[in-house]
Amino acid sequence: MSTKPRVSSAIPGEEASFGTALAHQPGLAGAFGMLYGTFWSKGALDHRTKEVTRMRNARVTDCGY
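The rules behind the values
- Residues numbered from 1 in each chain as written.
- Predicted model: local features only at pLDDT ≥ 70, side-chain atom pairs only at ≥ 80, totals over all residues.
- Heavy atoms only, no water.
- Axes fitted to C-alpha atoms, helices over the stretch in contact; angles between N-to-C directions.
- Helix = DSSP H or I, 4+ residues; strand = E, 2+ residues; numbered from the N terminus.
- Parallel < 35°, antiparallel > 145°, perpendicular 65-115°, else oblique.
- Contact = heavy atoms within 4.5 Å.
- Nonpolar A, V, L, I, M, F, W, Y, C, P; charged D, E, K, R; others polar.
- Phe/Tyr/Trp six-rings, centres within 6.5 Å; stacked < 30°, edge-to-face > 60°.
- Buried < 20%, exposed > 50% of the residue type's maximum accessible area, 1.4 Å probe, protein only.

Caption draft 1: Fine view of the packing of helix 2 (residues 26–41) against helix 3 (residues 47–60). Put simply, helix 2 and helix 3 touch, their axes get as near as 9 Å, and they point 125° apart. When the axes of helix 2 and helix 3 are compared, the pair comes out oblique. Judged by residue contacts, Tyr-36, Phe-39 and Trp-40 of helix 2 engage His-47, Lys-50, Glu-51 and Arg-54 from helix 3. In terms of residue class, the contact of helix 2 with helix 3 is made up of three nonpolar, one polar and three charged.

In structure tokens:
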């Protein structure tokens, strides 16, 4: 997998990134932000386990973000 987004930037003059790609759908970007915040602040797993899982997933998928 590539770290380069497959969706163009929604912000003129800005390079494509996770945030500028989500700008195509502001409602989706807001919902993702709320979901992501809830994921990191609540749940059955401690923060350390979530972070190790996030890092492993990023390495497996070759995610640069």
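Caption draft 2: Quick peek at the packing of aromatic side chains. Taken as a whole and judged by the stated rule, the model has four aromatic pairs. When the centroid spacing of 5.4 Å and the interplanar angle of 65° are considered together, the rings of Phe-18 and Phe-32 count as edge-to-face. Here Phe-18, found in helix 1 (residues 18–22), pairs with Phe-32, found in helix 2; they are 14 residues apart in sequence, far enough to count as distant. Assessed through its relative accessible area of 42%, Phe-18 is described here as partly exposed. On the basis of relative accessibility, which here comes to 32%, the residue Phe-32 falls in the partly exposed class. Judged by centre distance (5.5 Å) and plane angle (20°), the ring pair of Phe-32 and Tyr-36 falls under stacked. Taken together, the residues span about one helical turn, with Phe-32 and Tyr-36 both in helix 2 at a distance of four residues. Chaining the aromatic ring pairs together yields one cluster made of Phe-18, Phe-32, Tyr-36, Phe-39 and Trp-40.

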